[in-house]
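Structure at a glance
The residues making up each chain are set out below.
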Amino acid sequence: MALVSMNTLMQKALAGRYAVGYFEAWNMESILAVTDAAEKTQSPVIIGFGGQFIGSKKRTITENIHHYGQLGKAIAETVNVPVALLLNEAHEVDMLLKGMDSGFNAVMFEGHDISMEEFIRINRQLVKIAKGRDVCVEAEVGKLPDADIASDSISDGKKTDPDEAAFFVKQTGIDALAVSVGNVHLLETGKAAIDFALIKELRKKINIPLVLHGGTGVAEEELKEAVALGMCKVNVGTSLKRAYLNSIQEYLNNNNVSKMDPHNVIGRGGNMDMLCAAREAVAKEVERFIKIIGSENKA
Ligand SMILES: [Zn+2]
């Protein structure tokens, strides 16, 4: 079906006391894995890509955001559940504008290294452009800490201040607010301590949908509790990449691919196809989160 507004998906979730998941993809198999799981569970879903990864300065090959937007849009249009398409956490406004041209119907600018005044100015400008095109804008006030698995450490973050967030929402007119309430980006080892009192306070002061990033690092019961308190969008990325990597590692450990027909390993799609197995592993993980956040059978 045609793309559905992310706002519509979040409002329905809020009314139905569940959350809709944003499952961040990075290539063809991973984005298809998300819609595989959504169709299997008859769940609405937000698909998309991370702007900070697609536009990363570390990339050795420059990516064209148009390819990603068109791919996501084409997939959304051919599945039988409601889908929104988000360009998440891009550091450049230019990429977000190109993203809107390429099919994304939701965007999020990340600007933790600029002043609040500048952050408001940019989001206000994005909202102005987005409104005329039926595109939703998400922004984060406060800052999630980042986990680093190599050093087993977590950086400093800043919890969302409810008054500052309310001011920001009023000044910008954004559609969804990502909040820092103990959740941690990239966290796999250990679980984040969610500040439920802060969620309650934010819900009282903020009249737009609230978003919980860092879904991977939140324990199942805490995730359910956060959703029950009105968190209506949950972002999951890290655990999907982990599932994909684990699947490929297991395959390579168990098979001597140098003695195998490469078409059977990648491309033919049979039961020996490594990328199909990885896609299935990601879909399984998406399905697990869909069940936790309660969006199953809400399509
Ligand atoms: Zn995030």
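Attention in this report is confined to the structure presented alongside it. A quick note: this is a predicted structure, and the numbers were derived from the prediction, not measured.

Structural notes on the packing of aromatic side chains
Here the structure, examined in full by the defined rule, presents four aromatic pairs. Measuring from ring centre to ring centre gives 4.8 Å for F49 and Y68, while their planes differ by 80 degrees; the resulting arrangement is edge-to-face. With F49 in strand β2 (residues 45–50) and Y68 in helix α4 (residues 65–78), this residue pair connects regions lying 19 residues apart in the sequence. In this pair, the class of F49 matches that of Y68, namely buried.

Observations regarding the side chain of E140
Along the polypeptide, E140 turns up in strand β5 (residues 136–141). Of the buried charged residues, E140 lacks a salt bridge, with K143 as the closest side chain of opposite charge at 6.2 Å. Here the side chain of E140 touches H112 through a polar contact of 3.2 Å, side chain to side chain. In this structure the side chain of E140 is engaged in a polar contact, spanning 3.2 Å, whose partner is the backbone nitrogen of L144. What E140 contacts, discounting residues up to four positions off in sequence, is E89, M108, H112, F119, A178 and H185.

Let's talk about the packing of helix α10 (residues 238–254) against helix α12 (residues 274–293)
It is at 8 Å that the axes of α10 and α12 come closest, and there the two elements cross at 145 degrees. At the point where α10 passes α12, the crossing takes the right-handed sense. Residues S239, L240, A243, Y244, S247, I248, Y251 and L252 of α10 pack against M274, L275, A277, A278, A281, V282, E285, V286 and F289 of α12. A per-class count over the contact of α10 with α12 returns 14 nonpolar, two polar and one charged.

What to know about the coordination of the zinc ion
The zinc ion binds to the protein through E89 (OE), H185 (NE2) and H213 (ND1); the donor distances cover 2.0 to 2.1 Å. Counting along the primary sequence, the residues that act as donors to the zinc ion give the motif E-x95-H-x27-H. Note that H185 is positioned in the loop between β8 (176–179) and α8 (196–205) and H213 in the loop between β9 (210–212) and α9 (220–228), a separation of 28 residues in sequence. H213 matches H185 in its accessibility class, with the two residues each being buried.

Considering the packing of α9 against α12
It is the contact of α9 with α12, at a shortest axis distance of 9 Å, that shows an interaxial angle of 50 degrees. The orientation of α9 relative to α12 falls into the category oblique. Here E220, L223, K224 and V227 of α9 lie close against α12, whose contacting residues are F289, I292 and I293. Class assignment for the residues of the contact of α9 with α12 results in five nonpolar, no polar and two charged.

A word on the sheet that holds strand β10 (residues 231–236)
Strand order around the closed barrel formed by eight strands is β1-β2-β3-β4-β5-β8-β9-β10, with parallel pairing between neighbours. Put simply, the sheet's adjacent strands are angled 25 degrees from each other on average, direction ignored. Here β8 runs beside β9; their pairing, made up of three bridges, is parallel. Paired with V179 across the two strands is L212, which belongs to β9. Packed onto the sheet, helix α2 (residues 28–41) meets β1 (20–25) and β2 and runs at close to 170 degrees relative to β2.

Structural notes on the side chain of N88
Note on placement: N88 falls in strand β3 (residues 83–90). Of the residues examined, N88 reaches a relative accessible area of 2% and is grouped as buried. Non-local contacts of N88, meaning those with residues more than four positions away in its chain, are made with Y22, E24, F49, G50, G51, Q52, M108, H213 and N235.

Brief notes about unusual backbone geometry
In this structure, E89 is a non-glycine residue whose phi angle is positive, near 45 degrees. With respect to the helices and strands, E89 occurs in strand β3. Overall, the relative accessible area of 4% leaves E89 in the buried class. One non-glycine residue, N297, lies in the positive phi region at around 60 degrees. Checked against the element boundaries, N297 lands in the segment after α12.

Cut-offs applied
Residues numbered from 1 in each chain as written. Predicted model: local features only at pLDDT ≥ 70, side-chain atom pairs only at ≥ 80, totals over all residues. Heavy atoms only, no water. Phe/Tyr/Trp six-rings, centres within 6.5 Å; stacked < 30°, edge-to-face > 60°. Helix = DSSP H or I, 4+ residues; strand = E, 2+ residues; numbered from the N terminus. Buried < 20%, exposed > 50% of the residue type's maximum accessible area, 1.4 Å probe, protein only. Lys, Arg positive; Asp, Glu negative; His and termini not counted. Salt bridge = Lys/Arg side-chain N within 4 Å of Asp/Glu carboxyl O. Polar contact = N/O pair within 3.5 Å; in protein donor to acceptor, adjacent residues only side chain to side chain. Contact = heavy atoms within 4.5 Å. Axes fitted to C-alpha atoms, helices over the stretch in contact; angles between N-to-C directions. Left-handed = near helix turned anticlockwise from the far one by under 90°. Nonpolar A, V, L, I, M, F, W, Y, C, P; charged D, E, K, R; others polar. Donors = N, O, S within 2.8 Å, 3.2 Å for Na, K, Ca; no water. Parallel < 35°, antiparallel > 145°, perpendicular 65-115°, else oblique. Pairing = 2+ DSSP bridges.

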